[in-house]
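The primary structure of each chain is shown beneath.
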Amino acid sequence: MQSVPTESAHTLPAGTFGAWLKSTRASLQGEGGSDVPCGDCVGCCVSSYFIPLRPKDTAALHEIPAKFLSATQPRGNWVMGYRDDGTCPMLRDRKCSIYAHRPQTCRDYDCRVFAAAGMEAGGPDKSVINERVRAWRFTYADEADHAAHRAVQAAATFIREKREHFPGGRAPTAPTGVAVLAVKVYELFLDEAAERRDAEALAADVVKMARAFDAASTDLR
Ligand code: SF4
């Protein structure tokens, strides 16, 4: 189980929670990219991530040497691995050497999703990102913002702790998958009574809501 982030000595402004949630959900549905305040952080480029590339990543696929790519399903999709030290092969001198043409996955990666879900990005290989996750601080415009944040965290806790109640026992196990699913289905958890519902029925509703969310994606239209 992923641990909950502990407090960090320094803080980073993560923006207003409601605005972040709205733009992140839009980004997940292929409507506009997320505007991530990365600064000089290259955490996601040094953390042993496999980077998926979709057919529309034509510029990135043109720039990345074939030896770093493996074909994956569905046809036309690829994945880029990482070096033995966990760094992306496109990272040179702590800078992305194909920044203007980087894959959409890199453009969309936003480690605030872990701060939103109240969890860390992973184990020791994600330590750089975990440090940043601990530093993010959201602000709240109103009680609805607070309620939405509590709901995202409750959704992430439910997905992590009630995995066996999901159809076929299938729920995301990777931290990114858990946090992203929590963002997609948080509305089910706005009512705090949701957590007292039958776990199997609630898990089925999570799957149904996630499918509806994905079906609305402009990427799939
Ligand atoms: S392609 Fe560039 S932005 Fe993406 S992980 Fe590699 S170095 Fe980082």
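- Named according to an unreviewed UniProt entry, the chain is Fe-S-cluster containining protein originating from Povalibacter uvarum.

### Section: the state of the cysteines
Moving on, step 1. Tallying each qualifying case throughout the model produces zero disulfides.
Moving on, step 2. No disulfide involves Cys 111; its sulfur sits 6.2 Å from the nearest other cysteine sulfur, which is in Cys 41.
Moving on, step 3. A residue is classified by how much of its surface remains accessible, and Cys 111, at 9% relative accessible area, is buried.

### Section: the site of the ligand
Moving on, step 1. The environment of the ligand is made up of Cys 45, Ile 51, Met 80, Cys 88, Met 90, Leu 91, Cys 96, Pro 103 and Cys 106.
Moving on, step 2. Grouping the amino acids of the shell around the ligand by side-chain chemistry returns nine nonpolar, no polar and no charged.

### Details of the domain arrangement of the chain
Moving on, step 1. Domain assignment breaks the chain into domain 1 (1–36 + 110–221) and domain 2 (41–109).
Moving on, step 2. Here the C-alpha centre of domain 2 lies 24 Å away from the C-alpha centre of domain 1.
Moving on, step 3. With 15 residues of domain 1 in contact, the opposing surface of domain 2 contributes 12 residues.
Moving on, step 4. At the boundary of domain 1 with domain 2, the tally comes to zero salt bridges.
Moving on, step 5. Our count for the domain 1 to domain 2 interface comes out at two residue pairs in polar contact (both at pLDDT 80 or more).
Moving on, step 6. At three residues, helix H5 (residues 127–135) tops the list of elements feeding residues into the side of domain 1 that touches domain 2.
Moving on, step 7. A class-by-class count of the residues in the side of domain 1 that touches domain 2 yields six nonpolar, four polar and five charged.

### Remarks on the pattern of salt bridges
Moving on, step 1. Scanning all chains against the criterion turns up nine salt bridges.
Moving on, step 2. Where Lys 126 meets Asp 125, a salt bridge forms, and the shortest distance between an N and an O atom there is 3.0 Å.
Moving on, step 3. A residue is classified by how much of its surface remains accessible, and Lys 126, at 9% relative accessible area, is buried.
Moving on, step 4. Asp 125 sits in the partly exposed class, given a relative accessible area of 38%.
Moving on, step 5. One salt bridge connects Arg 134 with Glu 131, and the closest N-O pair in it is separated by 3.1 Å. Residue Arg 134 and its partner Glu 131 are located together in helix H5, separated by three residues, close to a single helical turn.
Moving on, step 6. Given the relative accessible area of 34%, Glu 131 is considered partly exposed.
Moving on, step 7. Through salt bridges with shared partners, one network takes in Glu 120, Glu 131 and Arg 134.

### Examining unusual backbone geometry
Moving on, step 1. The omega torsion across Gln 73 and Pro 74 is -10°, close enough to zero to call that bond cis.
Moving on, step 2. Relative to the helices and strands, Pro 74 is located in the loop between strand S3 (69–72) and strand S4 (77–80).
Moving on, step 3. Phi angles above zero are rare outside glycine, and Ser 48 is one such case at about 55°.
Moving on, step 4. As for its placement among the helices and strands, Ser 48 is situated in the loop between helix H1 (17–28) and strand S2 (51–53).
Moving on, step 5. With a relative accessible area of 17%, Ser 48 lands in the buried category.
Moving on, step 6. Despite not being glycine, Arg 94 has its phi angle at roughly 60°, a positive value.
Moving on, step 7. Positionally, Arg 94 belongs in the loop between strand S5 (91–92) and strand S6 (95–96).
Moving on, step 8. You can call Arg 94 exposed: its relative accessible area is 56%.

Rules used in this analysis
Residues numbered from 1 in each chain as written. Predicted model: local features only at pLDDT ≥ 70, side-chain atom pairs only at ≥ 80, totals over all residues. Heavy atoms only, no water. Disulfide = S-S within 2.5 Å. Buried < 20%, exposed > 50% of the residue type's maximum accessible area, 1.4 Å probe, protein only. Near = heavy atom within 4 Å. Nonpolar A, V, L, I, M, F, W, Y, C, P; charged D, E, K, R; others polar. Domains from an automatic or database assignment. Contact = heavy atoms within 4.5 Å. Salt bridge = Lys/Arg side-chain N within 4 Å of Asp/Glu carboxyl O. Polar contact = N/O pair within 3.5 Å; in protein donor to acceptor, adjacent residues only side chain to side chain. Helix = DSSP H or I, 4+ residues; strand = E, 2+ residues; numbered from the N terminus.

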